[in-house]
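Okay, here's what each chain looks like letter by letter:
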Amino acid sequence: MKKRINKSERKFQYAGRSQQSGQKPKDLNLHARSQWQWIWTKMGLLSLCILSVSIPLLLHLFSDSIDLSRPSDIGLNHTINMYLTPGEAVRVGVWHTVPEHRWKEAQGKDLDWYENALGDGSPIFIYLHGNGGNRSAPHRIGIANVLSAVGYHVLVLDYRGFGDSTGEPTEAGLCTDVLYLYHWVKARSGNSPVCVWGHSLGSGVASTTAVKLLEQGKQFDGIILEGAFLNARMETNKLTEHPFTWFYWKFPYIQYFLFNPLKSKDLNLPTDENLQKIQTPLMILHAEDDHLVPFASAQEIYRIAKKAQNSDEHVKLVRFDGALEYLHNGLYKDPGLPNIIREFMQSLMT
Ligand SMILES: *[C@@H]1O[C@H](CO)[C@@H](O)[C@H](O)[C@H]1NC(C)=O
Ligand SMILES: *[C@@H]1O[C@H](CO)[C@@H](O)[C@H](O)[C@H]1NC(C)=O
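Residues numbered from 1 in each chain as written. Chains lettered and ligands numbered in written order. Predicted model: local features only at pLDDT ≥ 70, side-chain atom pairs only at ≥ 80, totals over all residues.

Looking at an unreviewed UniProt entry, one finds the chain named Monoacylglycerol lipase ABHD12-like, with Sinocyclocheilus rhinocerous as its source organism.

The structure is reproduced here in structure tokens:
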């Protein structure tokens, strides 16, 4: 049996051997080489550290900061920015995109025109984004563009504490913002269906808000959950265990993947419990290769919701093949997505 030797033992053996054999030059050589190896290893580790600090920093410095008050700067030509005040000293930023077929009409129009447009009979989506970054992140714009192209209105908000929205992000605060936006929309939407789309952390906000609406005797007309987790407590614990996550909190690009402004220990967002109370038509979208929220989470959500609603028609699970490499954020790229959404919306009308 091999005996485990610790460092000092090893040194001792080494010295002993060199005394016995008396081949000093060769051993010195060996010793020098191992010293060099150690220096190279140290330099390698050091440069890795420097790279991992400087790359995100450089990306940050040399990326043009997007002005959230001017969505037209990034080519969103039928989107307007507005601010709502869901609470005292809380102002949240919202982008409203009208259906794409109205883009020409929308040129140069003001907030009043956009507000009136909400009553044009087209379905309306409230999009709730995940943690980290703000409403201008490419995958969020991606979903808004798909919904707009299909012919719907989309309202994308930055919860309090995110993007240019003021206030402290808390679970209750996030839900307050969404409820406020919902009522704001309902006051202008006539008979149009008003649905919610929650991605990642936003899926938990969506289901929690849906339960709060039920308590007010109201409900969304449809719910779409993308990359949804069972409850935030489980997911955030998993993420914060990762040894490097703390380090990237301050940097963009990487922070999309992290539960950033919210303190994870205060989060609950129990989608698993919420769905037991909800009878709203539900569609779950999930990529098999989702690297942050495993596909099994979607299957479990599907099982819970189907049992609660006792219906195959009202609860759907759409799986995206792992070979497509959509991961956690990439579903907006799927050429089949517009039809999937259209079919879901048609099922609401019947
Ligand atoms: C929003 O995110 C973009 C990157 O998508 C960044 O350039 C911008 O500075 C952010 N704005 C705020 C106010 O957080
Ligand atoms: C405005 O947006 C629509 C839809 O994305 C696009 O088809 C059109 O070419 C854009 N127009 C301009 C002037 O950028």
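*Asks:* I'd like to hear about the overall build of the chain, residue by residue, with values.
*Replies:* When helices and strands are tallied, the chain shows 12 helices and eight strands. Buried positions account for 37% of the 350 residues belonging to the chain. Of all intrachain contacts in the chain linking residues separated by at least 6 positions in sequence, the fraction that spans at least 24 positions is 74%. (Helix = DSSP H or I, 4+ residues; strand = E, 2+ residues; numbered from the N terminus. Buried ≥ 20, exposed ≤ 12 C-beta atoms within 10 Å, placed from the backbone. Contact = placed C-beta atoms within 7 Å.)

*Asks:* I'd like a description of the sheet that holds strand E8 (residues 315-320), backed by residues and values.
*Replies:* Judged by pairing direction, the sheet is mixed, and its eight strands sit side by side in the order E1-E2-E4-E3-E5-E6-E7-E8 without closing on themselves. Every interior strand has two partners, whereas the edge strands, strand E1 (79-87) and E8, have only one. Averaged over all adjacent pairs, the angle separating strand axes in this sheet is 20°, with direction ignored. Two elements, strand E6 (residues 222-226) and strand E7 (residues 282-287), share four bridges in a ladder whose sense is parallel. (Pairing = 2+ DSSP bridges. Axes fitted to C-alpha atoms, helices over the stretch in contact; angles between N-to-C directions.)

*Asks:* Can you tell me about helix H12 (residues 337-349), naming the residues and giving the values?
*Replies:* Taking 1.5 Å as the rise per residue, H12 with 13 residues should run 18 Å; its terminal C-alpha atoms sit 19 Å apart, in good agreement. Turning to H12, its buried residues are Leu337, Ile341 and Met345. Seen from one end, H12 has its buried residues packed into an arc of 65°, which puts them on one side. Residues of H12 that are exposed and point over 90 degrees away from its buried face: Asn339, Glu343 and Gln346. (Expected span 1.5 Å × (residues − 1). Arc of directions from axis to C-beta.)

*Asks:* Tell me about the nonpolar core, and please be specific about residues and values.
*Replies:* Core analysis: the largest hydrophobic core is formed by 71 residues, its most contacted members being Ile126, Tyr127 and Ile284. Not counting residues up to four positions away in its chain, the partners in contact with Tyr127 are Arg140, Ile143, Ala144, Val154, Leu155, Val156 and Trp197. (Core = buried A, V, L, I, M, F, W, Y, C linked by C-beta atoms within 7 Å.)

*Asks:* An account of the packing of helix H6 (residues 171-186) against helix H7 (residues 201-215) is requested, with residue identities and associated values reported.
*Replies:* Two elements in contact, H6 and H7, have axes separated by 9 Å at closest approach and are oriented at 65°. Here H6 runs over H7; the crossing is right-handed. Contacts from Leu174, Cys175, Val178, Leu179 and Tyr182 in H6 reach Val205, Thr208, Thr209, Lys212 and Leu213 in H7. Residues of the contact of H6 with H7, tallied by class, amount to seven nonpolar, two polar and one charged. (Left-handed = near helix turned anticlockwise from the far one by under 90°. Nonpolar A, V, L, I, M, F, W, Y, C, P; charged D, E, K, R; others polar.)

*Asks:* So, the pairing of E8: which residues are in play, and what are the values?
*Replies:* Across a regular strand the side chains alternate sides, sitting on one face of the sheet and then on the other. Relative to E8, E7 runs parallel, the two being bridged by six bridges. For His286, the partnering residue across the bridge sits in E8 and is Arg319. The handedness of the E7 to E8 crossover, carried by helix H11 (residues 295-309), is right-handed. (Right-handed = clockwise from strand over helix to strand, strands pointing away.)

*Asks:* Give me H7: which residues, what numbers.
*Replies:* Here H7 contains 15 residues, and its C-alpha end-to-end distance of 22 Å stays within 8% of the 21 Å for a straight helix at 1.5 Å per residue. Taking burial as the measure, the 15 residues of H7 include 11 buried ones, the bulk of the element. All of the buried residues along H7 are Leu201, Gly202, Ser203, Gly204, Val205, Ala206, Ser207, Thr208, Thr209, Ala210 and Leu213.

*Asks:* An account of the site of ligand 1 is needed here, citing residue identities and associated values.
*Replies:* The environment of ligand 1 is made up of 10 residues, and the closest members are Ser65, Ile66, Asn134, Ser136 and Asp164. Each residue belonging to the shell around ligand 1 can be placed in one class, and the counts come to four nonpolar, five polar and one charged. (Near = placed C-beta within 6 Å.)

*Asks:* Residue-level account of the packing of helix H5 (residues 138-150) against H12, with values.
*Replies:* With their axes 10 Å apart at the nearest point, H5 and H12 run at an angle of 60° to one another. Our classification of the angle between H5 and H12 gives oblique. Like other packed secondary-structure pairs, H5 and H12 cross with a definite hand, here right-handed. On H12, the residues that touch Val146, Leu147, Ala149 and Val150 of H5 are Leu337, Pro338, Ile341 and Arg342. Residue composition of the contact of H5 with H12, grouped by class: seven nonpolar, no polar and one charged. (Parallel < 35°, antiparallel > 145°, perpendicular 65-115°, else oblique.)

*Asks:* Tell me about unusual backbone geometry, and name the residues and values.
*Replies:* The backbone of Ala89 shows a phi angle near 60°, a positive value even though the residue is not glycine. Considering the arrangement of structural elements, one finds Ala89 in the loop between E1 and strand E2 (90-97). The class of Ala89 is exposed, set by 9 C-beta atoms lying within 10 Å. Here the phi dihedral of Leu327 falls at roughly 55°; this positive angle occurs in a residue that is not glycine.

*Asks:* Quick one: what's the story with the environment of Pro335, residue by residue and with numbers?
*Replies:* Examined against the element boundaries, Pro335 turns out to sit in the loop between E8 and H12. In sequence terms Pro335 and Val146 are 189 residues apart; their C-alpha atoms lie 9.7 Å from each other.

*Asks:* Describe the confidence of the model for the chain, and please don't skip the residues or the numbers.
*Replies:* Residues at a pLDDT of 70 or more form 81% of the chain, whose mean pLDDT is 86. Residue range residues 240-259 is modelled with pLDDT below 50. Its contacts to residues more than four positions away, or to other chains, number 35 contacts. (pLDDT = per-residue confidence, 0-100.)

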